Amino acid sequence: MNIQGEVAEGYEAVRDAFVRNFEVLGDRGAAVAVYRDGRRVVDLWGGTHDADGTDPWTAGTAQVVRSATKGVAAVVPLLLHQRGLLDLDAPVGDYWPEFKAGGKEGALVRDLLAHRAGVPALDVPLTPEQAADGLSGARAVAAQRPFWEPGTQHGYHAQTFSWLLSELVLRVTGASLGSWLAQEVTGPRGLDFWIGLPQAVAESGRVGRIGAAPPPQSAGTLRTRPRRNVSEAYADPASLTRRAFAAITPLADENAPAYRAAELPASAGIGTARALAGLYASLLGDTEDGPRLFTPETTALAGTELSSGPDRVLVVNTRFGPGHMLHSPASPMLSPTSFGHPGRGGSLALADPESGTAFGYVTNALAPSVTADPRPQSLLRALRTAL
């Protein structure tokens, strides 16, 4: 395997683990980046540009990162809160009156961000075209009766998080989440991450194709099969788990230009490992890409637990802060202080305040994993030895 890029002295174990991901764990094309105290210390890539192709992955190759998008998108409401424009303790209906319908008037902004709003699924799923039109999703979640009293339980809003967060940001700023992110966050720092892929980037050929790639038997002792009750929940069409992930039906073609151009903050972000790590590094302090984004108080808030325990959708115990997933046995990160977000199938990005480290991993080979893919977990174990 021709691995390209570089690692700083002391981080060679991360490169070794990255190579092993291709040799043993089934990676086809991938990249990993790490920042430590604002400086990039790991920047590696290898394999093929497309999961089903032969052209090489290059330094600028970007991919759909699925739910790792949620962690990037969550930066926007936290920055709005930092600037005094969004009150996390206010009812969502103060900003979005239509959301009060169906018994959701008590839902707070912090409930929406921490997957406690009670609307992880829709009684009538949206088509891919409706999901992407910028109107139907917000109307559907506003009208939806909650599956539990908002604020009393939590359950992963796998798809509906897109329309909840997009509409909230639109009501507060007057701008779409993707455009606000580009103008205020990624653009000024030169970070190649988009929620709503610009046409010029789409036409450049930089974005690779993702595809299914079940882990090989050589994965060894790493757990790749979910527990029985989790498998049953995903298999049952009537379960809240299945319905949450099927809020868009039929499944969208994630390689299609229309999907890539859609602003879906729950699932359709596109970017590089370098951009993911760079963004999370900027939440911890100044970086080589620019000044820090979060104040120390906002960084602490990002890692504050708002939801913990049985997840009504994922059927395991999960922990969430205001928009980010937190370290837990179901979603291991670098340390107990870490906050970030995995993407179903493999991608992962996080910040670790304890060590001043930020991590980003992107792959085009999508495994069945949801929150703890063996490939980024292997990289994190190697990274811990270097810290």
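**Digging into the layout of surface pockets**
- Here the second largest pocket defines a volume of roughly 480 Å³.
- Lining the second largest pocket are 19 residues; nearest its centre among them are Arg-66, Gln-159, Phe-245, Leu-251 and Arg-344.
- The class makeup of the residues in the lining of the second largest pocket is 10 nonpolar, 4 polar and 5 charged.

**A look at the pattern of salt bridges**
- Within the structure shown, the criterion is met by 14 salt bridges.
- For Arg-66, the salt bridge is made with Glu-254, and the minimal N-O distance between the two is 2.7 Å. Of the two residues, Arg-66 is situated in the loop between strand 4 (63-64) and helix 2 (68-82) and Glu-254 in the loop between helix 11 (240-245) and helix 12 (257-261); the sequence distance between them amounts to 188 residues.
- Between Arg-110 and Asp-89 there is a salt bridge whose closest N-O contact spans 2.6 Å. Separated by 21 residues along the polypeptide, Arg-110 in helix 4 (residues 109-113) and Asp-89 in the loop between helix 2 and helix 3 (92-95) bring together distant segments of the chain.
- Taking relative accessible area as the criterion, Asp-89 reaches 48% and is therefore assigned partly exposed.
- Beyond isolated ion pairs, a larger network of salt bridges with shared partners links Arg-40, Asp-43, Arg-274 and Glu-288.

**Some words on the packing of aromatic side chains**
- Taken as a whole and assessed by the stated rule, the structure comprises 6 aromatic pairs.
- Seen in terms of ring centroids, Tyr-156 and Phe-320 are 6.1 Å apart; in terms of plane orientation they differ by 15 degrees. Their pairing is stacked. Here Tyr-156 is found in the loop between helix 6 (136-143) and helix 7 (161-173), whereas its partner Phe-320 is found in strand 9 (residues 317-320), with 164 residues between them in sequence. The same class applies to Tyr-156 as to Phe-320, namely buried.
- Centroid distance Tyr-234 to Phe-245: 5.5 Å. Interplanar angle 45 degrees. Geometry classified as tilted. With Tyr-234 in helix 10 (residues 228-235) and Phe-245 in helix 11, the pair connects residues that are 11 residues apart, well separated along the chain. The pair formed by Tyr-234 and Phe-245 is uniform in burial state, with each residue classed as buried.
- Through a chain of ring-to-ring contacts, the aromatic side chains of Tyr-156, Tyr-234, Phe-245 and Phe-320 assemble into a single cluster.
- Above the ring of Phe-99, the side-chain terminus of Lys-104 is found at 4.9 Å from the ring centroid.

Rules used throughout
- Residues numbered from 1 in each chain as written.
- Predicted model: local features only at pLDDT ≥ 70, side-chain atom pairs only at ≥ 80, totals over all residues.
- Heavy atoms only, no water.
- 1 Å grid on protein atoms, 1.4 Å probe; cavity = no way out; pocket = protein on both sides within 12 Å on 5 of 7 lines; lining within 4 Å.
- Points joined across faces, edges and corners; volume = space filled by probe spheres on them.
- Nonpolar A, V, L, I, M, F, W, Y, C, P; charged D, E, K, R; others polar.
- Salt bridge = Lys/Arg side-chain N within 4 Å of Asp/Glu carboxyl O.
- Helix = DSSP H or I, 4+ residues; strand = E, 2+ residues; numbered from the N terminus.
- Buried < 20%, exposed > 50% of the residue type's maximum accessible area, 1.4 Å probe, protein only.
- Phe/Tyr/Trp six-rings, centres within 6.5 Å; stacked < 30°, edge-to-face > 60°.
- Lys NZ or Arg CZ within 6 Å of the ring centre and 35° of its normal.

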